Amino acid sequence: MVYLTRKAEFSASHFYHNPELSAEENKRLFGKCNNPNGHGHNYTVEITVKGEVDQRSGFVVDLKELKDLMNREVIEVLDHRFLNKEIAEFRDRIPTTENLAISVWNRLQEKLNLAQLHRVRVYETPDLFVDYYGEA
Amino acid sequence: MKAYLTKRYWFSASHRLHSESMTDRENQAVYGKCNNPHGHGHNYALEVTVAGPVDPKTGMVCNLADLDDFVNSKILERFGHENLNTLQEFQGVVPTTENLCIELYNILERGFRHAQIEKVRMEETMLNSFEYTGGRPVRT
């Protein structure tokens, strides 16, 4: 079994707000991230797939196909968007890095038949990232 | 849904690698330059990974403000700009980055109540790093 990781980048804005909580509670929980006008990040996504090395090609996965899939399903959808307003699932789910990692997993998992998805890592900044392995 | 959140922190400290259970000559042979009696320092990168279900109310594994407060008060303020050999934690324990990694994991594991501590990873320099998970296998 070999693990292969491909990176991609996108930039997007978001804010954190739970409509079921009071304005004060939102402010207390989310601090600066609660500013309704949003703020942005340069996100880096790392996709790790795993599989046996194909004897004919020497590949776990054709990187061109993986790159195209990531671009189509993740980067083109999220890049230069206001996540809360433009991405359907974040209308009623807070676009934290945790939920973004889960969202990226779901977008790829449905379409990936090249190899087995192992991990999605989303960096919000170089010093903050979330890993999701598809665990319930 | 279970997710793993990692935050990186930085602190600078000095140390000297010297074991009381070895002779001066053995210490010199094992630790080389790191045995310099005057000590030397590093900019340590500390990566803390917490794990848990994503709370539907907040979208978070744990509130970063809680993790930042804990790491700042219990680790960065205590270990930053100190000579590690002078600290109570390293009396009789050589302050290698292995032992530092275990010590910081234990501080987090004992004291942090907002999420499960999955892993502590430390970089002593850009060229070497150490990971400790309390004995569980390190997850790739």
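Here the structure is shown first, and the text comes after it.
Here the structure is a predicted model, which means the values were calculated and not measured.

Q: Would you mind going over the overall build of chain B with me for this structure?
A: If you tally the helices and strands in chain B, you get three helices and four strands. Going from N to C terminus, chain B has its helices and strands arranged as β-α-β-α-α-β-β. Principal-axis analysis of the C-alpha atoms gives chain B an extent of 60 × 30 × 25 Å. Scored against the burial criterion, the 140 residues of chain B give a buried share of 49%.

Q: Help me out: how do you make sense of the packing of aromatic side chains in this one?
A: In total, this model carries nine aromatic pairs over all chains according to the counting rule given. With a centroid separation of 5.0 Å and 85 degrees between ring planes, the pair formed by tyrosine 105 of chain B and tyrosine 132 of chain B is classed as edge-to-face. Pair noted here: tyrosine 105 of chain B is in helix 3 (residues 97–111) and tyrosine 132 of chain B is in strand 4 (residues 128–132), with a separation of 27 residues, a long-range link. The ring of tyrosine 133 of chain A has arginine 139 of chain B lying over it, and the distance from NZ or CZ to the ring centre is 3.6 Å.

Q: Explanation requested: the pattern of salt bridges in the structure shown.
A: Between side chains of opposite charge, a pair can form as their charged atoms come close. For the structure shown, the criterion picks out 18 salt bridges over all chains. With its nearest N and O atoms 3.1 Å apart, the salt bridge here joins glutamate 25 of chain A to arginine 28 of chain A. Taken as a pair, glutamate 25 of chain A and arginine 28 of chain A lie in helix 1 (residues 23–30) at a separation of three residues, close to a single helical turn. Under the relative-accessibility criterion, glutamate 25 of chain A is labelled partly exposed at 22%. Here arginine 28 of chain A falls in the exposed class, since its relative accessible area comes to 59%. When the shortest N-O distance is used, the salt bridge between arginine 78 of chain B and glutamate 89 of chain B registers 1.8 Å. Linking arginine 78 of chain B in helix 2 (residues 64–79) with glutamate 89 of chain B in the loop between helix 2 and helix 3, this pair joins segments that are eleven residues apart in sequence. Taking relative accessible area as the criterion, glutamate 89 of chain B reaches 17% and is therefore assigned buried.

Q: I'm lost on helix 1 of chain A in this one. Help?
A: Because each turn of an α-helix spans 3.6 residues, side chains separated by three or four positions in sequence point in the same direction. Residue and element names in this part refer to chain A. Among all positions of helix 1, only Asn26, Leu29 and Phe30 are buried. Angular distribution of buried residues about the axis of helix 1 spans 75 degrees; they occupy a single face of the element. Every exposed residue of helix 1 that faces more than 90 degrees away from the buried side is listed here: Glu24 and Arg28. Directly after helix 1, the chain includes glycine 31, whose backbone phi takes a positive value near 55 degrees.

Q: Mind showing me how you'd approach the interface of chain B and chain A here?
A: Interface size, as often reported, equals the accessible area lost upon joining of the parts. Opposite the 21 residues of chain B that make contact, chain A presents 24 residues. For the chain B and chain A pair, buried surface summed over both sides reaches about 2000 Å², with 56% attributable to carbon and sulfur atoms. Across the chain B-chain A interface, the total number found is two salt bridges. Between glutamate 135 of chain A and arginine 139 of chain B there is a salt bridge, with the nearest N and O atoms lying 3.2 Å from each other. Across the chain B-chain A interface, the total number found is twelve residue pairs in polar contact (both at pLDDT 80 or more). Among the elements that line the side of chain B that touches chain A, the one with the most residues is strand 1 (residues 2–15) of chain B, at eight residues. Classifying every residue of the side of chain B that touches chain A gives ten nonpolar, five polar and six charged. For strand 5 (residues 128–132) of chain A and strand 1 of chain B, the ladder comprises five bridges, and the chain directions are antiparallel. Paired with tyrosine 132 of chain A across the strands is alanine 3 of chain B, a residue of strand 1 of chain B.

Q: Explain the packing of helix 2 of chain B against helix 3 of chain B here, please?
A: Any two packed helices are characterised by the angle at which their axes cross and by the distance between the axes. All names here are of chain B. As a packed pair, helix 2 and helix 3 sit with axes 11 Å apart at the nearest point and diverge in direction by 150 degrees. Considering how the two elements wind past one another, helix 2 and helix 3 form a crossing that is right-handed. Contacts between helix 2 and helix 3 involve Phe70, Val71, Lys74, Ile75, Arg78 and Phe79 from the former and Leu100, Glu103, Leu104, Ile107, Leu108 and Gly111 from the latter. Taken together, the residues that form the contact of helix 2 with helix 3 break down as eight nonpolar, one polar and three charged.

Q: Please explain the nonpolar core as it appears in this structure.
A: Generally speaking, soluble globular proteins have nonpolar side chains that are buried together. Of all hydrophobic cores here, the largest spans 66 residues; its most connected members are Val49 of chain A together with Phe11, Leu46, Val50 and Phe79 of chain B. Phenylalanine 11 of chain B has contacts with His42, Asn43, Tyr44, Leu46, Leu76, Phe79, Gly80, Leu100, Leu104 and Met122 of chain B, leaving out every residue within four places of it along the chain. Counting six residues, the second-largest nonpolar core is a separate cluster that includes Tyr16, Leu21 and Phe30 of chain A together with Met60 of chain B.

Rules used in this analysis
Residues numbered from 1 in each chain as written. Chains lettered and ligands numbered in written order. Predicted model: local features only at pLDDT ≥ 70, side-chain atom pairs only at ≥ 80, totals over all residues. Heavy atoms only, no water. Helix = DSSP H or I, 4+ residues; strand = E, 2+ residues; numbered from the N terminus. Buried < 20%, exposed > 50% of the residue type's maximum accessible area, 1.4 Å probe, protein only. Phe/Tyr/Trp six-rings, centres within 6.5 Å; stacked < 30°, edge-to-face > 60°. Lys NZ or Arg CZ within 6 Å of the ring centre and 35° of its normal. Salt bridge = Lys/Arg side-chain N within 4 Å of Asp/Glu carboxyl O. Arc of directions from axis to C-beta. Contact = heavy atoms within 4.5 Å. Buried area = accessible area lost by both parts, 1.4 Å probe. Polar contact = N/O pair within 3.5 Å; in protein donor to acceptor, adjacent residues only side chain to side chain. Nonpolar A, V, L, I, M, F, W, Y, C, P; charged D, E, K, R; others polar. Pairing = 2+ DSSP bridges. Axes fitted to C-alpha atoms, helices over the stretch in contact; angles between N-to-C directions. Left-handed = near helix turned anticlockwise from the far one by under 90°. Core = buried A, V, L, I, M, F, W, Y, C linked by side-chain atoms within 4.5 Å.

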